[in-house]
Amino acid sequence: MTELHVVPDERTTWRVYEDGASTPLSEHTNATDAERAALACVEDHDAERVVVHDRYHRTHETARSRAELWARARSARARQLALVRERVRQLARRRTP
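Cut-off values and rules
- Residues numbered from 1 in each chain as written.
- Predicted model: local features only at pLDDT ≥ 70, side-chain atom pairs only at ≥ 80, totals over all residues.
- Heavy atoms only, no water.
- Patch = residues over 30% accessible without salt bridge, like charges linked within 9 Å, V, L, I, M, F, W, Y side chains within 5 Å.
- Areas by Shrake-Rupley, 256 points an atom, 1.4 Å probe, with all protein chains shown as cover.
- Salt bridge = Lys/Arg side-chain N within 4 Å of Asp/Glu carboxyl O.
- Helix = DSSP H or I, 4+ residues; strand = E, 2+ residues; numbered from the N terminus.
- Buried < 20%, exposed > 50% of the residue type's maximum accessible area, 1.4 Å probe, protein only.
- Polar contact = N/O pair within 3.5 Å; in protein donor to acceptor, adjacent residues only side chain to side chain.
- Pairing = 2+ DSSP bridges.
- Axes fitted to C-alpha atoms, helices over the stretch in contact; angles between N-to-C directions.
- Contact = heavy atoms within 4.5 Å.

Next up on the list: a nonpolar patch on the surface. On the surface, a nonpolar cluster with roughly 260 Å² of combined accessible area is contributed by Leu81, Val84 and Val88. Relative to the elements of secondary structure, Val84 occurs in helix H2 (residues 66–95).

In C-alpha cells, the structure reads:
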C-alpha cells in the first residue's frame, strides 16, 4: 500500500513524503497547505491514503476527496441534531404532568 506522509520538522516547515522516500515531494509553511498538497498528489503517486504526523508524534488519516469531507461534515451535523432532538424530548417529558 502506497502512502503519502505529511511530516513536520523541528522548525516551522511541513514536508510531504512518499512512503519510504528520503527527499520530500514538497515543503510548506503550515500543516494545512501540506495536507492539501498531499491530497492533490494522491492520484499522481497512486497513493491509497495520506497520513498526517503532528508535532507530538500522533498520526491521523485524511479524507481522500471533498465528497468524503462533506460526508463527514454531514454525519457530524446529523449526530449533533440527533443529540439536540433527544434533549428536547427529555425536556418535553419533564414538563408534561
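Let us keep going from here.
Turning our eyes to something else, we now look at the environment of Asn30. Here Asn30 shows up in the loop between strand S3 (26–28) and helix H1 (31–41). Residue Asn30 is classed as partly exposed on the basis of its relative accessible area, which comes to 29%. In this structure, the C-alpha to C-alpha distance between Asn30 and Arg15, residues 15 residues apart in sequence, is 9.2 Å. Within the local environment of Asn30, its side chain forms a polar contact with the backbone nitrogen of Asp33, the two atoms lying 2.7 Å apart.

Glancing now at the pairing of strand S2 (residues 14–18). Among the five residues in S2, four count as buried, and that is most of the element. With five bridges connecting them, strand S1 (residues 3–8) and S2 associate as antiparallel partners. Note that in S2 the partner of Val6 across the bridge is Val16. Taking the residues between adjacent antiparallel strands as the criterion, S1 and S2 are bridged by five residues. Summarising the sheet, S2 and S3 pair through three bridges and their orientation is antiparallel. Within the sheet, the bridge partner assigned to Trp14 lies in S3 and is His28.

One open sheet accounts for five strands, arranged S3-S2-S1-S4-S5; its pairing is mixed. Each end of this open sheet is capped by a strand with a single partner; those strands are S3 and strand S5 (59–61). Neighbour-to-neighbour, the strand axes of this sheet turn through a mean angle of 20°, independent of strand direction. Pairing of strand S4 (residues 49–53) with S5 involves three bridges; the strand directions are antiparallel. In the strand pairing of S5, Val51 is matched with Glu61. Sheet strands in contact with H1 are S1, S2, S3, S4 and S5, and its direction is about 165° off that of S1.

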